[in-house]
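A structural walkthrough
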Amino acid sequence: MFSLQGFGRRVAASLSKQHLPSARFSGDRAAPGTPHFDVVVIGGGHAGTEAAAAAARCGSRTLLLTHRVDTIGQMSCNPSFGGIGKGHLMREVDALDGLCARICDQSGVHYKVLNRRKGPAVWGLRAQIDRKLYKQNMQKEILNTPLLAVREGAVEDLLLAKPEPQRPGSFRVRGVVLVDGSTVYAESVVLTTGTFLRGMVVIGLEMHPAGRLGDQPSVGLAQTLEKLGFVVGRLKTGTPPRIAKESINFSILNKQTPDNPSVPFSFINETVWIKPEDQLPCYLTHTDPRVDEIVLENLHLNSHIKETTRGPRYCPSIESKVLRFPNRRHQIWLEPEGLDSDLIYPQGLSMTLPAELQEKVIMCIRGLEKAKVVQPGYGVQYDYLDPRQISPSLETQLVQRLFFAGQINGTTGYEEAAAQGVIAGINASLRVRRKPPFVVSRTEGYIGVLVDDLTTLGTSEPYRMFTSRAEFRLSLRPDNADSRLTLRGYEEAGCVSQQRFERASRMKASLEEGISVLKSIQLSSSKWKNLIPEASISIDKGVPLSALDILKYEEVHMELLAAVAPAPLQKYAECRELAERLKIEATYESALLHQQQEIKEVQRDEALELPEDLDYLRLKDVSLSCEVREKLHLSRPRTIGAASRIPGVTPAAVTNLLRFVKTAQRRQAAKHRLPNPEQRLCAADRLEERQL
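Residues numbered from 1 in each chain as written. Predicted model: local features only at pLDDT ≥ 70, side-chain atom pairs only at ≥ 80, totals over all residues. Heavy atoms only, no water.

If you check an unreviewed UniProt entry, the chain appears there as 5-taurinomethyluridine-[tRNA] synthase subunit MTO1, mitochondrial from Camelus dromedarius. Regarding the chain, the UniProt comment filed under Subunit (unreviewed entry) reads as follows: "Homodimer; forms a dimer in the presence of potassium. Interacts with GTPBP3; forms the GTPBP3-MTO1 complex composed of homodimers of GTPBP3 and MTO1." Annotation of the chain in UniProt includes, under Cofactor (unreviewed entry), the sentence "FAD". (UniProt positions renumbered as here; feature names shortened; annotations may be inferred.)

As C-alpha cells, then:
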C-alpha cells in the first residue's frame, strides 16, 4: 500500500513503472481492526447518495463518507428537479430503483409537465421541491438503507496498490485516508466531490476557499488526483440571491399554477404526496434596462465574470446574459423554497456582484421594488477532471476500481449527477463481484447519451442534458424508461427490487397485450367514422383500419375506444397509466419502425468492441495520423461506434482501425486453433467498411 499525498509528479511517474519497494505493496488485505468495505462513496450530494444506495442495493457493504451528515441530500442551488431532458434522466434513474424521483414525489410543492405543446417524447416532468422536506426524506432513506453505513469525515488521500494484470490502469485503489490520518479500506471507491475540489466562493472581488457557502473545500484530494496524472480543468457556476417572500409584490406578476392532476416522477407512485389545490404557485417577472446599466457599470467589481474559466452556457449569470444578449428583457421565475419557507429563489438571476449592488439590481425588477435580500448570490470555481479519462462504466482508466460521478466529470445539475451516481454505484459493486460492467448505450437511454458524450467528446463547459442531444428521442421517452432499463437492472446488475421488477414486467406484458388486441379490431374507415364522429377520420381509405390506427388520432383516447368496444378494451382503459402509454405507443408506431432500423445500425457498430489494452500511440500495422492516435489515446473508446463519434477521427481512420481489429481477431483465432473465421468475416468486413 502507499499514499501519494505529498509526493511530486516525478514520484507518481515512477510509481506507474512499479519501481517502489515491494514493502509498499505487502499485504493486500486491510490491517486488523481497520474498517473494510466493498464500496466507499465520497460525498453526500445527489451523485453520492445515488451511488451509495445503488451499491448497497446490489449487495455490497457500502460506506458513505461526507463532511457532515446533516447536509446529505442538500439542494445547494435551485429548489427544483426535472425539466426538458432532465426529467428523462430522473425517470431512468427511477427505472433503476434510484432515489431522487421517489423523494421528489414525497417533497414537491409544485408539479408541472413542460413542453406539452410538443409530443410526449419530449415532455419534461418538473417539480418545485421543498428543500427541507427533500433533505429530511433523503436522509431518512440513506440512513435506513440495508448494507449502507454513513460516517462523517473529509478524505485527504487515496490508498493505492499494484494494478490487476490484464486490465488497463497504472494503479488500483485500495481505500482512502481521512484528514485525521485514519484509513478505510475498500474494494472500489466512488468520488462524487461536486464543486468541492479546490472550490472557491466568489462575491464581487472577494474570494475564499469553499466548496459551497459555509463548507470547506477538498484540497488534498485534488492534489492527489493531479499528482496521479489526471488531466484537471477548471469550471465555474453560480447561484442567485435569496429574497424574503413578504417583501415581494406578487399581485402585479404573472402567476403560474401547477398541473391538475400532478404527474409523479416515479413509476411506482400513482400520485404525489400533495393535492394540486394545496401546492404553491410560481410567478414570472422580467429585467429592465436599468439592470443592464448596473451590470455594465460595475464589471470592474466582479472578478467571477472576468475569469476565463468556463461557466454554464445554458444557465448563465445575469452578468453573462447582459454581455451576450444586450438590450433584452430576461425572464426571472420566482420560485418557492418550501411550504413553510420565507425565501423565494429568483431563477435566472444568478449573480456575483458585490452584495450592495445585488440589492440595487433586484429593486429594478418589476414586483421586487421593495424586496429584501436575505442571502447574496455567489459564484463557485472548482476543479473537474476531463471525463475522457473514464470508461462508460465510469471507472477511471488510470486507477482501477476508482469511479467518478457528478460535477467532478464536468456536468451541471442535480439530475445529471444522480444519473452518473446510480451508474457508478452499480458498477463499483459489479467490479467487486468481478462481473461485467452495466453500460447503458445511447440507443437505450438518456443516461447512455450523457455518459457517451462525456467519455467520447469530453467537455470544456458545464454539461447539461437536453432532448436535442439524443438521436433516438422517439424511442427514449419518459413513459417507457421502465421497459428499457428496469428489466436490465434487475437481471444484469441486481440493483432493482423484486417489487419494481414485477411491476415493470406486468406493465410491459399489458402493453404488448393491449397493442395486440387493438391491432386485432379491424373495421372500415366509414364504420369507424360512424362510431367516433368527433375524430377526423377520412372515409376514402379502402383498407380496414385497426383500433390502434384510430388511437393515433389526436381526438381519440382509450376511454373513447372502450366505449365503442367495451368487451375487449375496457380493462385497458381503466388503468390511467396503461391507457396513456397505449396512446403514446399508437402515436409513434409508424415513426418507431423507421427509427428501430437506425438503432440496429448503431448497435452493430457498438457491438464491435476495441481491445482495452490497445496502445494507440505505438500501434503498428495500421494507418492512423498522429492527431487521430492522440485523440484515441485520450478518449480510449470502447467500441468502433464510440471511436467514430470522436471529433477529428475521420471515417478513413475508423475503417483502418476496423481492419486492424478484425485482422488481430483472426490471428488470435488461428493462434488458439479455433475455427478459422477468415472466409466468414471477409464479406462482412467489406460491407462494414463500405457502410462506415
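From this point, things continue past the structure.
Some points on the packing of aromatic side chains
Evaluated as defined, the whole model comprises 5 aromatic pairs. On the numbers, 3.8 Å between centres and 10 degrees between planes, the contact of Y490 with F501 is stacked. Within this pair, whereas Y490 is found in helix α13 (residues 481-493), its partner F501 is found in helix α14 (residues 498-520), the two being separated by 11 residues in sequence. Overall, Y490 belongs to the partly exposed group, its relative accessible area being 27%. The exposure class of F501 is buried, given its relative accessible area of 16%. Here the aromatic cluster, defined as three or more aromatic residues joined through ring pairs, consists of F81, Y134 and Y414. (Phe/Tyr/Trp six-rings, centres within 6.5 Å; stacked < 30°, edge-to-face > 60°. Helix = DSSP H or I, 4+ residues; strand = E, 2+ residues; numbered from the N terminus. Buried < 20%, exposed > 50% of the residue type's maximum accessible area, 1.4 Å probe, protein only.)

Thoughts on the side chain of S218
Relative to the elements of secondary structure, S218 occurs in the loop between β12 (206-209) and α6 (220-227). Residue S218 is classed as buried on the basis of its relative accessible area of 8%. Sequence-distant contacts of S218, defined by excluding residues within four places in its chain, comprise V155, F196, L197 and R198. (Contact = heavy atoms within 4.5 Å.)

Some thoughts on the pairing of strand β20 (residues 378-385)
With 8 of its 8 residues buried, β20 lies for the most part within the structure. On β20, burial covers both faces: Y378, V380, Y382 and Y384 on one face and G379, Q381, D383 and L385 on the other are all buried. Direction of pairing for strand β11 (residues 200-203) relative to β20: antiparallel, over a ladder of 3 bridges. Opposite V202, over in β20, you have G379 as the bridge partner. (Pairing = 2+ DSSP bridges.)

Here we look at the pattern of salt bridges
Counted by the stated rule, this structure contains 43 salt bridges. Note that R500 is salt-bridged to D94, the shortest N-O span being 3.0 Å. One end of the pair, R500, is in helix α14; the other, D94, is in helix α3 (residues 86-95), with 406 residues separating them in the sequence. Exposure remark for R500: the relative accessible area of 4% places this residue in the buried category. Using a relative accessible area of 1% as the deciding quantity, one classes D94 as buried. The salt bridge involving D288 is made with R290; its shortest N-O contact spans 3.0 Å. On the basis of relative accessibility, which here comes to 21%, the residue D288 falls in the partly exposed class. Within the structure, one salt-bridge network assembled from shared partners comprises E164, R174, E187, E395, R401, R431 and R434. (Salt bridge = Lys/Arg side-chain N within 4 Å of Asp/Glu carboxyl O.)

Details of the domain arrangement of the chain
When the domains of the chain are assigned, the result is domain 1 (36-236 + 382-492), domain 2 (242-378), domain 3 (498-606) and domain 4 (609-673). When each unit is reduced to the centre of its C-alpha atoms, the spacing between domain 1 and domain 2 is 26 Å. Counting residues at the interface gives 54 residues for domain 1, matched by 51 residues for domain 2. Summing both partners gives a buried area of about 4300 Å² for domain 1 against domain 2, and 56% of it is carried by carbon and sulfur. Its largest share of buried area at the contact with domain 2, domain 1 owes to D105, Y111 and K236, together 18% of the area lost on that side. At the boundary of domain 1 and domain 2, one finds 4 salt bridges. Across the pair E335 and R126 runs a salt bridge, and its minimum N-O distance is 3.1 Å. Applying the counting criterion to the domain 1 and domain 2 interface returns 25 residue pairs in polar contact (both at pLDDT 80 or more). By residue class, the composition of the side of domain 1 that touches domain 2 is 25 nonpolar, 11 polar and 18 charged. (Domains from an automatic or database assignment. Buried area = accessible area lost by both parts, 1.4 Å probe. Polar contact = N/O pair within 3.5 Å; in protein donor to acceptor, adjacent residues only side chain to side chain. Nonpolar A, V, L, I, M, F, W, Y, C, P; charged D, E, K, R; others polar.)

Structural notes on helix α18 (residues 566-574)
Listed in full, the buried residues belonging to α18 are L569, Y572 and A573. Down the axis, α18 shows its buried residues gathered within 100 degrees of arc, on one side only. When the buried face of α18 is taken as reference, the exposed residues oriented beyond 90 degrees from it are A567 and E574. Summarising the contacts, the buried residues of α18 are in contact with α14, α17 (558-564) and α19 (576-606). (Arc of directions from axis to C-beta.)

Section: the packing of α13 against α14
Between α13 and α14, the least distance of the axes is 10 Å, while the angle of their chain directions is 140 degrees. Overall, the two elements α13 and α14 adopt an arrangement that is oblique. For the element pair α13 and α14, the recorded crossing hand is left-handed. Seen from α13, the contacting residues are D482, T486, L487, Y490 and E491; seen from α14, they are Q498, R500, F501, A504, S505, M507 and K508. Class assignment of the residues belonging to the contact of α13 with α14 gives a composition of 5 nonpolar, 3 polar and 4 charged. (Axes fitted to C-alpha atoms, helices over the stretch in contact; angles between N-to-C directions. Parallel < 35°, antiparallel > 145°, perpendicular 65-115°, else oblique. Left-handed = near helix turned anticlockwise from the far one by under 90°.)

So, the sheet that holds strand β5 (residues 108-114)
A sheet is described by the order of its strands in space; here 3 strands give the open sequence β4-β6-β5, paired in antiparallel fashion. Looking at which strands have only one partner, the edges of the open sheet turn out to be β4 (80-82) and β5. This sheet shows a mean twist of 15 degrees between the axes of neighbouring strands, independent of strand direction. In this structure, β5 lies alongside strand β6 (residues 124-129), joined through 6 bridges in antiparallel fashion. Each bridged residue has a counterpart across the sheet, and for L114 the counterpart in β6 is G124. The strands touched by helix α4 (residues 100-107) are β4, β5 and β6; relative to β5, the strand with the most contacts, the crossing angle is about 120 degrees.

Considerations on the nonpolar core
Counting 104 residues, the largest nonpolar core has V40, V176, L225 and L402 as its most contacted members. Looking at this core element by element, the count peaks at 11 residues for helix α11 (residues 414-432). Once residues within four sequence positions are removed from consideration, V40 is found in contact with L63, L65, V176, V184, Y185, A186, S188, V189 and V190. One finds I537, L545, L569 and Y572 within the second-largest nonpolar core, a separate group that totals 29 residues. (Core = buried A, V, L, I, M, F, W, Y, C linked by side-chain atoms within 4.5 Å.)

So, the pairing of strand β8 (residues 155-161)
The side chains of a regular strand alternate, residue by residue, between the two faces of the sheet. Of all the 7 residues making up β8, 6 are buried; the element is thus mostly covered by neighbouring parts of the structure. For β8 and strand β9 (residues 171-178), the ladder comprises 6 bridges, and the chain directions are antiparallel. Directly across from V155, in β9, lies its bridge partner L178.

A word on the side chain of T71
Secondary-structure assignment places T71 in the loop between β3 (62-66) and β4. A relative accessible area of 7% places T71 in the buried class. Only 2.8 Å separates the side chain of T71 from the backbone oxygen of R68, close enough to count as a polar contact. Leaving out residues up to four positions away in the same chain, T71 has contacts with G44, T66, K135, Q139 and R212.

Details of helix α2 (residues 46-57)
The end-to-end C-alpha distance of α2, which contains 12 residues, comes to 17 Å, matching closely the 16 Å that a straight helix rising 1.5 Å per residue would cover. Most of α2 sits inside the fold, with 11 of its 12 residues counted as buried. Listed in full, the buried residues belonging to α2 are H46, A47, G48, T49, E50, A51, A52, A53, A54, A55 and A56. Trailing α2 by a residue or two, G59 shows a phi angle of about 100 degrees, which is positive. (Expected span 1.5 Å × (residues − 1).)

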